[in-house]
Amino acid sequence: MANPTRIDWSHKNDGGVAVGSPDPARWESLSFPQPWPDRPWVFGVMVASANGVVSWRRRGPGDDPVRAILGGDARPERIADRRLMRYLRTIGDAGIGAQTLREQPRLVLTPQESGDEPAPELYAFRVARGLSYHPRNVVYSLYGRLPLEHPIFTTPELHAIVVTTPGGAAVLRGHGASATALPLIAEPLLEHEGLAGAHRRLFAEHGVRYLACEGGQTLLSALHEAGLLDEVFLTVTDVVIDKGAHDGILTSFDFRAERAELVAEGKISRDSGYSFQRWRFRRPGGDASPRRGS
Ligand SMILES: NC(=O)c1ccc[n+]([C@@H]2O[C@H](COP(=O)([O-])OP(=O)(O)OC[C@H]3O[C@@H](n4cnc5c(N)ncnc54)[C@H](OP(=O)(O)O)[C@@H]3O)[C@@H](O)[C@H]2O)c1
């Protein structure tokens, strides 16, 4: 019998080189374009409600927008989404915005998070392709207010890199980042060229070739505005969020208005209410898709 959590993709124009699959019964092989000559190929990984909501300002530790948007934990779609995210952590390295790190105190961007099913095949799949056991965890912060006791900074053998501003680097050094030998890339990130320069340094100094950027939306929007977000894997669930019931609602991109191209779409079954989408902003190796304002 077919695996009920395996996503079947219809590939329209996703192009690139097939990466392969750690277990074809569970994961279809996806293809990725070559990285740019001087910076990584950057892909977003996000989940949105049926009406586009990706997060809101949390009222407390029990108020978890991501879990609410995903619906019940045991649903086959939920398992498929988690497995897709874990597979996407085998492609290269992974990144997140500082606010997500601060709000998700147990998050570690690795193929097997605490509480996950064992995933030795995902690690073997990385290592067989010459990658490190864990992806590097790239954390983006303007002001350097990072809890250095977070497991992203303390998990043995997992290497974090902080992309920050010169001011943020000074704050981090003041809080002991030098003592932990945490690599810092300090650039003027509020300028598009500064954010682009940070990605060139991730490529040149750390060998980052593919970066799965797992949000949040603030970080993805900054990357997109700087012309650095190449594509987004977006899981659209069947949960409708009451936007009036929360403050600080953030929604995903309006991909069509941004002239992104839907290059692949997946489902686990014909009647499933989840849609796994792959939206591309930039054409690999060629001209960028026109960006807003250009
Ligand atoms: N639906 C999903 O798939 C999904 C995915 C991820 C997260 N989330 C949820 O989204 C919420 C957090 O998302 P968010 O959008 O508020 O925040 P975020 O994108 O995770 O992080 C924002 C932070 O990134 C840093 N930043 C902002 N602009 C930057 C730039 N130009 N360059 C480098 N760094 C920059 C700043 O850090 P400093 O403040 O340190 O200066 C800023 O506070 C959480 O509730 C999280 O659980 C949802």
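Scroll up for the structure.
These notes cover the structure that comes with them. The structure presented is a predicted model; accordingly, all values stated were derived computationally and were not measured.

## Remarks on the overall build of the protein chain
Part 1 of the reasoning: When helices and strands are tallied, the protein chain shows eight helices and 14 strands.
Part 2 of the reasoning: Since a compact globule built from 294 residues should have a radius of gyration of about 19 Å, the 18 Å found for the protein chain is in line with a globular shape.
Part 3 of the reasoning: Sorting the 294 residues of the protein chain into buried and exposed places 41% on the buried side.
Part 4 of the reasoning: In the protein chain, the share of contacts with a sequence separation of at least 24, taken over all contacts with a separation of at least 6, comes to 68%.

## Digging into the site of the ligand
Part 1 of the reasoning: Taken together, 31 residues are adjacent to the ligand, and Gly-97, Ala-98, Gln-99, Gly-215 and Gly-216 come closest.
Part 2 of the reasoning: At the level of elements, β4 (41-48), β5 (53-55), α1 (65-70), β6 (93-97), α3 (98-103) and α8 (217-225) are the ones that each hand at least two residues to the shell around the ligand.
Part 3 of the reasoning: Within the shell around the ligand, the residues separate by chemical class into 17 nonpolar, 10 polar and four charged.

## Section: the sheet that holds strand β11 (residues 231-236)
Part 1 of the reasoning: With mixed pairing, the 10 strands of this open sheet are ordered in space as β1-β13-β14-β11-β4-β10-β6-β7-β8-β9. Every interior strand has two partners, whereas the edge strands, β1 (8-11) and β9 (184-186), have only one. Mean inter-strand twist for the sheet, computed between neighbouring axes without regard to direction, equals 20°.
Part 2 of the reasoning: Here three bridges tie β6 to strand β10 (residues 210-213), and the two strands are oriented parallel to one another. The partner of Asp-93 across the bridge, within β10, is Leu-211.
Part 3 of the reasoning: Contacting β8 (160-164) and β9, helix α6 (residues 166-174) runs over the sheet at an angle of about 150° to β9.

## Brief notes about the nonpolar core
Part 1 of the reasoning: Counting 71 residues, the largest nonpolar core has Val-139 and Cys-213 as its most contacted members.
Part 2 of the reasoning: Take this core: its biggest share by element is seven residues, from β4.
Part 3 of the reasoning: Other than its neighbours up to four places away in sequence, Cys-213 contacts Val-42, Phe-43, Gly-44, Val-45, Gly-95, Leu-219, Leu-220 and Leu-223.

## As for the environment of Leu-158
Part 1 of the reasoning: Tracing the sequence through the fold places Leu-158 in the loop between α5 (151-154) and β8.
Part 2 of the reasoning: Taking the C-alpha atoms as reference, Leu-158 lies 9.1 Å from Val-108; in sequence the two are 50 residues apart.
Part 3 of the reasoning: Once residues lying within four places of it in the same chain are set aside, the contact partners of Leu-158 are Val-108, Thr-110, His-134 and Asn-137.

## What to know about the pairing of β11
Part 1 of the reasoning: Most of β11 sits out of view: six of its six residues are buried.
Part 2 of the reasoning: Side chains of β11 alternate between two faces, with Glu-231, Phe-233 and Thr-235 and Val-232, Leu-234 and Val-236 buried alike.
Part 3 of the reasoning: Sheet topology note: the β4/β11 ladder contains six bridges and is parallel. Across the sheet, Val-45 pairs through a bridge with Phe-233, a residue of β11.
Part 4 of the reasoning: As paired strands, β11 and strand β14 (residues 275-280) are joined by six bridges and run antiparallel to one another. Bridge pairing in β14 places Glu-231 opposite Arg-280.

## Focus: helix α2 (residues 76-88)
Part 1 of the reasoning: Its 13 residues give α2 an end-to-end C-alpha distance of 18 Å, which sits within 8% of 18 Å, the value for a rise of 1.5 Å per residue.
Part 2 of the reasoning: All of the buried residues along α2 are Glu-77, Ala-80, Asp-81, Arg-83, Leu-84, Met-85, Arg-86, Tyr-87 and Leu-88.

## Section: unusual backbone geometry
Part 1 of the reasoning: Residue Gly-216 follows Gly-215 across a cis peptide bond; omega there is 5°.
Part 2 of the reasoning: The residue Gly-216 is located in the loop between β10 and α8 in this model.
Part 3 of the reasoning: Of note in the backbone geometry, Glu-157 takes a positive phi value of approximately 70° without being a glycine.
Part 4 of the reasoning: Locating Glu-157 in the fold gives a position in the loop between α5 and β8.
Part 5 of the reasoning: Taking the number of C-beta atoms within 10 Å as the measure of exposure, Glu-157 has 8 and is therefore exposed.
Part 6 of the reasoning: A positive phi angle is found at Arg-259, which is not glycine, with a value near 60°.
Part 7 of the reasoning: Looking at where Arg-259 falls in the secondary structure, it is placed in the loop between β12 (250-251) and β13 (261-267).

## Section: α8
Part 1 of the reasoning: Taken together, the buried positions of α8 are occupied by Gln-217, Leu-219, Leu-220, Leu-223 and His-224. An end-on view of α8 places all buried positions within 160° of arc, on one side of the element.
Part 2 of the reasoning: Of the surrounding secondary structure, the elements contacted by the buried residues of α8 are β4, β5, β6, β7 (137-140), β10 and β12.
Part 3 of the reasoning: Of the residues trailing α8, Gly-227 is marked for its positive phi of about 75°.

Reading the values: the criteria
Residues numbered from 1 in each chain as written. Predicted model: local features only at pLDDT ≥ 70, side-chain atom pairs only at ≥ 80, totals over all residues. Helix = DSSP H or I, 4+ residues; strand = E, 2+ residues; numbered from the N terminus. Rg over C-alpha atoms; globule rule 2.2 N^0.38 Å. Buried ≥ 20, exposed ≤ 12 C-beta atoms within 10 Å, placed from the backbone. Contact = placed C-beta atoms within 7 Å. Near = placed C-beta within 6 Å. Nonpolar A, V, L, I, M, F, W, Y, C, P; charged D, E, K, R; others polar. Pairing = 2+ DSSP bridges. Axes fitted to C-alpha atoms, helices over the stretch in contact; angles between N-to-C directions. Core = buried A, V, L, I, M, F, W, Y, C linked by C-beta atoms within 7 Å. Expected span 1.5 Å × (residues − 1). Arc of directions from axis to C-beta.

Function-wise, these values are silent; they only describe arrangement.
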